[in-house]
Amino acid sequence: MKDIKIQKVRNGKGIIATKDFKRDEVIFEVTGKVIDCDVSAKLDKKTRDNTYRYDEDYYLSPKGKTGDFLNHSCKPNAKVTKFKEGIFIRSIISIEKSSEVMIDYSTILARDDIWTMKCNCGEINCRKIIKNIGDLPKDVFAKYVRLRIIPKYILNIKS
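Keep in mind the model is a prediction, meaning the values are calculated, not measured.

Analysis parameters
- Residues numbered from 1 in each chain as written.
- Predicted model: local features only at pLDDT ≥ 70, side-chain atom pairs only at ≥ 80, totals over all residues.
- Heavy atoms only, no water.
- Pairing = 2+ DSSP bridges.
- Helix = DSSP H or I, 4+ residues; strand = E, 2+ residues; numbered from the N terminus.
- Buried < 20%, exposed > 50% of the residue type's maximum accessible area, 1.4 Å probe, protein only.
- Contact = heavy atoms within 4.5 Å.
- Phe/Tyr/Trp six-rings, centres within 6.5 Å; stacked < 30°, edge-to-face > 60°.
- Lys NZ or Arg CZ within 6 Å of the ring centre and 35° of its normal.
- Axes fitted to C-alpha atoms, helices over the stretch in contact; angles between N-to-C directions.
- Core = buried A, V, L, I, M, F, W, Y, C linked by side-chain atoms within 4.5 Å.

With that out of the way, let us pick up the sheet that holds strand E7 (residues 71-72). The mixed open sheet is built from four strands, whose spatial order is E1-E2-E10-E7. Of all the strands in the sheet, the pair left with one neighbour each is strand E1 (4-9) and E7. As defined by bridge partners, E1 adjoins strand E2 (residues 12-17) across six bridges and the pair is classed as antiparallel. Residue pairing in the sheet places Val-9 in a bridge with Gly-12 of E2.

Below, the discussion takes up the side chain of Ser-61. Structurally, the position occupied by Ser-61 is in strand E6 (residues 58-61). Judged by its relative accessible area of 7%, Ser-61 is buried. Those residues in contact with Ser-61, other than ones at most four positions away along the chain, are Thr-31, Gly-32, Lys-33, Ile-35, Thr-47 and Thr-51.

Glancing now at the packing of aromatic side chains. Aromatic ring pairs are reported here in terms of the distance separating the ring centres and the angle at which the planes meet. One pass over the full model with this rule turns up one aromatic pair. With centroids separated by 6.0 Å and ring planes inclined at 65°, the aromatic side chains of Tyr-105 and Trp-115 adopt a geometry described as edge-to-face. A residue pair is termed long-range when its members are at least 10 positions apart, and Tyr-105 in the loop between strand E10 (100-103) and strand E11 (117-118) and Trp-115 in the loop between E10 and E11 qualify at 10 residues. Its relative accessible area of 17% is what places Trp-115 among the buried residues. The ring centre of Phe-21 lies 4.9 Å from the NZ or CZ of Lys-19, which sits over that ring. The ring of Tyr-54 carries the charged tip of Lys-82 above its face, separated from the ring centre by 3.9 Å.

This next bit is on the environment of Arg-48. Locating Arg-48 in the fold gives a position in helix H2 (residues 45-49). Each C-alpha atom of the pair Arg-48 and His-72 lies 15 Å from the other, and the pair is 24 residues apart in sequence.

Pairing is antiparallel across the open sheet formed by three strands, whose spatial order is E3-E9-E8. Looking along the sheet, the strands with just one partner apiece sit at the ends: strand E3 (26-30) and strand E8 (78-83). Looking at each pair of strands side by side, their axes are set apart by 30° on average, direction ignored. Taken together, the six bridges between E8 and strand E9 (residues 86-91) define a ladder with antiparallel strand orientation. Paired with Thr-81 across the bridge in E9 is Phe-88.

Ile-27, Tyr-52, Val-80, Ile-87, Ile-89 and Val-101 are the most contacted members of the largest nonpolar core, which has 38 residues in total. Elements that contribute at least two residues to this core include exactly E2, E3, E8, E9, E10, helix H3 (138-146) and helix H4 (152-155). Looking at this core element by element, the count peaks at three residues for E3.

So far we have only geometry, and geometry alone does not tell us how the molecule works.
Here it is as structure tokens:
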């Protein structure tokens, strides 16, 4: 990936912009193996924790690939979008060269996903515990819907 690199960051390794990104610009495509929901329960914890919800019945595991290093922030600068069969990371604000690219993990977890993470993003508005979109504070959820930060396919999955 010519416009990003993986390097040591606050929370292990993360994705760093090697150029300035304008708002709503594609940063990279998340690639990996598409996994059935039933199979995902049998994966090791690290692999399962790093999957992206792909649709109602499948997840995408970027194990060992760039998407595996995308970190969470309660004040994200990027979002997940799905186009045709691909999952892409797009900027939601301008991202300066040398900045870490981060999403809010809650935006890739539908209401039926059972997952929890203790947050260490360091933002003033940190929620401390990260869960699925159903657990987002109402004001954050409304803002994310208005700004189209939560992918439609995640919003459409019923619990």
